[in-house]
Amino acid sequence: MRLRSFLTSRLPWLLSIAVLAGCSPLAPFAPAQEAQLATPAPTLTLIPTVVPPTATQPPTATPEPTAPPTATLAPTATPEPTAPPLTPTATLAPLDLAARQKIFDQLWNIVNRRYLYKDFRGVDWKAVRAQYEPNVRVAETPEQFYRAMREMIALLGDEHSRFESPQEVAEEQARTEGTLSYGGIGISIRDRPDGAVITRLAPGGPADQAGLQPRDLIVAIGGIPFTDTAAFGPDGPEGAVRGAPGTVVHLTVRSPGGVPRDIALVRQIIPEDAFPPVTAQRLPGTQVGILSINTFAQTDLVQQVRDQLQSLLAAGPLTGLIIDVRDNGGGFIHLMLETLGIFIDGGTIGSSGGRQAHDDLEIPKGQVIPQLASVPIVVLTSTDTVSAAEMFAAGMRVRGRARFVGTTTAGNTENLLAHEFSDGSRLWLAEMAYQLPDGSLLEGVGVRPDREIDADWWRFAPADDPQIQAALEELGPPSQ
């Protein structure tokens with residue numbers, strides 16, 4: 001059983017757009033009076049999904065028995081394809097009628113018995129079976145069968161639960177392990193009404209080599225306006241930018257205060273670790289560190305957090321720490337709890353519960369970095385802080401360890417459990433909901449900051465970021 005909490009993966013050429021679910025407008029989890037912090041409730045537009053249990057957190061729910069998976073500018077100089085081939089994914093093996101029927105029956109029964117919402121969010125689940133079972137029987141290819149399974153789960157409408165084909169499972173596994181590669185130009189972006197703003201560049205990647213900079217605006221791809229998403233087809237702008245290594249993609253880019261210019265970039269293999277999930281820096285002219293955590297879905301994340309913090313401390317003591325989870329789409333709950341353990345010495349942050357299981361969420365003890373034990377902390381949040389990232393923020397608030405600046409989080413904290421099938425496909429199902437220690441939910445509520453600053457923070461360098469400036473004020477002057 002794997003437990004995780006997140007909305008969606010954000011791939012590094014384009015930031016994937018988060019789909020927000022329509023949740024009832026509850027009051028956001030607000031800061032408690034003084035040091036006392038109220039417990040928040042999740043919201044989604046992002047709903048946390050299930051996380052695999054750790055040694056300190058035993059598995060909580062036993063999935064329905066399923067068979068184990070079998071898992072089979074001017075153009076820059078064209079680089080020689082010396083990089084390794086793109087990460088392979090599992091191929092779709094043929095499935096006979098008996099195999100398709102078995103997977104269909106298992107999937108339907110798992111949802112029927114375990115789904116978080118007993119009313120299936122208003123969906124007639126028995127009618128869904130009657131509607132889709134004939135499709136299973138007549139499916140002529142694996143693609144048709146898997147498409148039917150995806151559509152069936154999508155009818156639940158919680159924006160978290162999903163069915164994955166063996167290929168998608170292999171890709172996600174590679175991403176979690178940090179081994180996924182793809183052909184692209186090495187940028188992350190944010191959508192704007194007039195294009196897409198570059199927020200990060202992969203060092204040494206095609207965009208970096210061509211001299212593109214954070215905050216440059218992509219106006220068009222191959223002469224097609226970036227905003228004309230329909231013209232790019234079903235894969236959208238991502239599909240237009242990604243492609244075989246050694247091929248060329250043409251961009252129209254405008255730097256701040258400049259005029260549009262055309263650039264030709266040669267695609268290269270971009271490894272997943274080209275965009276580190278954790279980075280840290282000292283804010284110039286201060287003894288304040290900024291720690292950015294962009295996911296809780298990478299297996300070595302906790303060690304990366306520790307390494308980055310130690311690099312900050314190696315340059316001298318800190319008078320304050322700003323933890324940035326504004327762009328964190330969630331991930332595994334056990335990694336979130338272990339990360340909290342770096343700053344908080346044990347204690348509960350609440351629980352996750354559903355129809356089949358209840359799991360207390362405890363921060364591990366004895367893991368705090370001693371030099372940080374008394375350092376004041378501010379956490380930066382946004383509407384893109386989702387799922388496990390919201391639970392991280394809620395945990396820091398519940399334990400009274402931080403102040404908060406930014407905007408209210410997504411309020412999407414359902415927990416997903418993984419159920420794997422004999423063909424290598426997988427169901428992620430919303431089976432549990434996060435509750436604060438007082439029993440209240442974050443779902444549809446989110447974590448509200450102590451100081452609300454609504455700004456397009458990705459448009460600013462850290463020293464000019466209005467939310468970081470507010471965080472410095474919250475930290476106060478260094479103690480003498």
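This text gives an overview of the structure that appears in the document.

Criteria and cut-off values
- Each chain carries its own residue numbering, running from 1 in the written order of its sequence.
- With pLDDT at 70 or above as the cut-off, local features in this predicted model cover only qualifying residues; side-chain atom pairs require 80 or more to be listed or tallied, and sums for whole chains, interfaces and linings still use all residues.
- Hydrogens and water molecules were not included; the side-chain quantities draw on all heavy atoms of the structure.
- Note on method: axes are straight lines fitted to C-alpha atoms, helices fitted across the in-contact stretch only, with angles between N-to-C directions ranging 0 to 180 degrees.
- The helix and strand labels rest on DSSP assignments: H or I over at least four residues marks a helix, E over at least two residues marks a strand, and numbering proceeds from the N terminus.
- Our angle categories are set so that under 35 degrees counts as roughly parallel, over 145 as roughly antiparallel, 65 to 115 as roughly perpendicular, and the remainder as oblique.
- What makes a crossing left-handed is the near helix being turned counterclockwise from the far one by less than a right angle; a clockwise turn instead makes it right-handed.
- Residues count as neighbours in contact if any of their non-hydrogen atoms are within 4.5 Å of one another.
- Polar here means any residue other than Ala, Val, Leu, Ile, Met, Phe, Trp, Tyr, Cys and Pro, which are nonpolar, and Asp, Glu, Lys and Arg, which are charged; Gly is therefore polar.
- Strands are labelled as partners when DSSP assigns at least two bridges between them.
- Exposed residues in this analysis have more than 50% of their type's maximum accessible area, buried residues have under 20%, and partly exposed residues fall in between, with area computed by a 1.4 Å probe over protein chains only.
- The arc in question is formed by the directions pointing from the helix axis toward the C-beta atoms.
- Throughout this description, a polar contact denotes any pair of N or O atoms lying within 3.5 Å of each other; where both atoms belong to protein, one of them has to be capable of donating a hydrogen while the other can accept it, and for residues adjacent in sequence the pair is counted only when both atoms sit in side chains.
- Helices are assigned an expected span. That span is 1.5 Å times one less than the residue count.
- What the bend at a residue measures is the angle between two axes, fitted to the seven residues ending there and to the seven starting there.
- Put simply, buried Ala, Val, Leu, Ile, Met, Phe, Trp, Tyr and Cys residues joined by side-chain atoms within 4.5 Å make one nonpolar core.

Here we take up the packing of helix α8 (residues 333-340) against helix α9 (residues 388-398). When two helices pack together, their arrangement is captured by the angle between the axes and the distance separating the axes. Contact pair α8 / α9: the axes reach a minimum separation of 10 Å and the direction vectors enclose 30°. Overall, the two elements α8 and α9 adopt an arrangement that is roughly parallel. Relative to α9, the crossing made by α8 is right-handed. Residues Ile 333, Met 336, Thr 339 and Leu 340 of α8 pack against Ala 388, Met 391, Phe 392, Gly 395 and Met 396 of α9. For the contact of α8 with α9, the class distribution of residues is 7 nonpolar, 2 polar and no charged.

This next bit is on the packing of helix α2 (residues 125-138) against helix α3 (residues 142-154). Relative orientation of the contacting elements α2 and α3 amounts to 170°, with a least axis distance of 9 Å. Relative to α3, α2 is oriented roughly antiparallel. Note on element contacts: α3 touches α2 through Gln 144, Phe 145, Ala 148, Met 149, Glu 151, Met 152 and Ile 153, opposite Trp 125, Val 128, Tyr 132, Asn 135, Val 136 and Val 138. Residues belonging to the contact of α2 with α3 are distributed by class as follows: 10 nonpolar, 2 polar and 1 charged.

This brings us to the pairing of strand β9 (residues 261-266). When strand β8 (residues 248-254) meets β9, the two strands line up antiparallel, connected through 6 bridges. Note that in β9 the partner of Val 248 across the bridge is Val 266.

Moving on: helix α10 (residues 466-475). Along α10, the positions that sit buried rather than exposed are Gln 467, Ile 468, Ala 470, Ala 471 and Leu 475. One face of α10 carries all of its buried residues, which in axial projection span an arc of 160°. Buried residues along α10 sit in contact with β12 (288-293), β13 (320-324), β17 (377-381), β18 (403-406) and β21 (451-452). At the N-terminal boundary of α10, the capping side chain belongs to Asp 465, with an oxygen 2.8 Å from the backbone nitrogen of Gln 467. A positive phi of about 80° marks Gly 476, the residue just after α10.

Once that is clear, we can look at the pairing of strand β5 (residues 195-201). A large share of β5 lies buried, amounting to 5 of its 7 residues. Sheet topology places strand β4 (residues 187-192) next to β5; 6 bridges connect them, and they run antiparallel. What sits directly across from Ile 189, in β5, is Ile 198. Taking the residues between adjacent antiparallel strands as the criterion, β4 and β5 are bridged by 2 residues.

A few words now on α2. In this model α2 runs 21 Å from its N-terminal to its C-terminal C-alpha over 14 residues, within 8% of the 20 Å that 1.5 Å per residue would give. The sharpest bend along α2 comes to roughly 30°, located at Tyr 132, with the proline Pro 134 sitting one to four residues further on. For α2, the full list of buried residues reads Trp 125, Val 128, Arg 129, Tyr 132, Glu 133 and Val 136. In this fold, the buried residues of α2 make contact with α1 (97-114) and α3. Its side-chain oxygen at 3.3 Å from the backbone nitrogen of Lys 126, Asp 124 defines the N-terminal cap of α2.

We now examine the nonpolar core. In this structure, Leu 309, Leu 321, Ile 323, Met 336, Phe 343 and Met 396 are the most contacted members of the largest nonpolar core, which totals 45 residues. For this core, the secondary-structure elements that each account for two or more residues are β12, α7 (301-314), β13, α8, β16 (358-363), β17 and α9. Here this core takes 8 residues from α9, the largest share from any one element. Not counting chain neighbours up to four residues away, the residues in contact with Phe 343 comprise Leu 291, Leu 309, Leu 321, Ile 323, Val 368, Leu 372, Ile 377, Phe 392, Met 396 and Arg 401. Core analysis: the second largest hydrophobic core is formed by 31 residues, Phe 104, Ala 139, Phe 145 and Leu 156 among them.

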